[in-house]
Amino acid sequence: MSRFHLGAAAALSLLAAAPAAAQPAQYVVQIYSFGFSPQPIHLAAGRPVTLTFANSSGSSHDFTAVAFFGRSRLIAGAAPGGRVELRPHETRTITLIPAPGTYEAHCSHFLHTQMGMSDTIVVQ
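Participant: Whenever I open this one, the packing of aromatic side chains confuses me. Can you help?
Facilitator: The geometry of an aromatic ring pair is captured by two quantities: the separation of the ring centres and the angle between the planes. Evaluation of the coordinates by the stated rule reveals five aromatic pairs. Pairing phenylalanine 36 with phenylalanine 63 gives two aromatic rings, centres 5.2 Å apart and planes at 70°, and the pair type is edge-to-face. On the criterion of sequence distance, the pair formed by phenylalanine 36 in strand 2 (residues 35–37) and phenylalanine 63 in strand 5 (residues 61–64) is long-range, its members being 27 residues apart. For the pair shown, phenylalanine 36 and phenylalanine 63 are each scored as buried.

Below you can see the structure in the form of structure tokens.
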């Protein structure tokens, strides 16, 4: 077999090989007193994403999105009761596969939602 044929056979075998597992996308949600950023949160439906929740505040907050976490398939991390609780200056990550839809999120601590800690998650 000529070198050309060997090279062509090698190239075709690379094309036929199964693609490597894609790394989850990274997405940072900033949590501060009293808000979330970005607003709204945009995610791709059916694609793995690692959400990093970063509380830059000196107070505890949570990111509550019961319907969003309930419809997503969690791969790593946890959101018990649809909530990610964060102590002051704490960061937590969750890897999940989001389901399409529009979801509401908020901080469930006393009066925090009323003070502006709410957001929308858009998954398309």
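Participant: Where do I start with unusual backbone geometry in this structure?
Facilitator: Among all residues save glycine, negative phi is the norm, and among peptide bonds the norm is trans. Phenylalanine 34 follows serine 33 through a cis peptide bond whose omega is 0°. Mapping phenylalanine 34 onto the fold places it in the loop between strand 1 (25–32) and strand 2. In this structure, proline 40 follows glutamine 39 across a cis peptide bond, with omega equal to -10°. Take proline 40: it is sitting in the loop between strand 2 and strand 3 (41–43). A positive phi angle, close to 65°, is found at leucine 111, a residue other than glycine. The topology assignment puts leucine 111 in the loop between strand 9 (101–106) and strand 10 (118–123). By relative accessible area, which is 40% here, leucine 111 ends up partly exposed.

Participant: Looking at this model, I keep getting lost on the side chain of threonine 52. Mind explaining?
Facilitator: Relative to the helices and strands, threonine 52 is located in strand 4 (residues 49–55). Threonine 52 has contacts with Tyr27, Val28, Val29, Thr91, Arg92 and Thr93, leaving out every residue within four places of it along the chain.

Participant: What exactly am I supposed to notice about the sheet that holds strand 6 (residues 73–76) here?
Facilitator: What links the strands of a sheet is backbone hydrogen bonding, and the strands pair in either a parallel or an antiparallel sense. The five strands are arranged 2-1-4-8-6 in an open sheet whose pairing can be described as mixed. Two strands close off the open sheet at either side, each with one partner strand: strand 2 and strand 6. Pairs of neighbouring strands in the sheet enclose a mean axial angle of 30°, with direction left out of account. Direction of pairing for strand 4 relative to strand 8 (residues 91–97): antiparallel, over a ladder of six bridges. Following the sheet pairing, threonine 50 is matched in strand 8 by threonine 95.

Definitions and limits used
Residues numbered from 1 in each chain as written. Predicted model: local features only at pLDDT ≥ 70, side-chain atom pairs only at ≥ 80, totals over all residues. Heavy atoms only, no water. Phe/Tyr/Trp six-rings, centres within 6.5 Å; stacked < 30°, edge-to-face > 60°. Helix = DSSP H or I, 4+ residues; strand = E, 2+ residues; numbered from the N terminus. Buried < 20%, exposed > 50% of the residue type's maximum accessible area, 1.4 Å probe, protein only. Contact = heavy atoms within 4.5 Å. Pairing = 2+ DSSP bridges. Axes fitted to C-alpha atoms, helices over the stretch in contact; angles between N-to-C directions.

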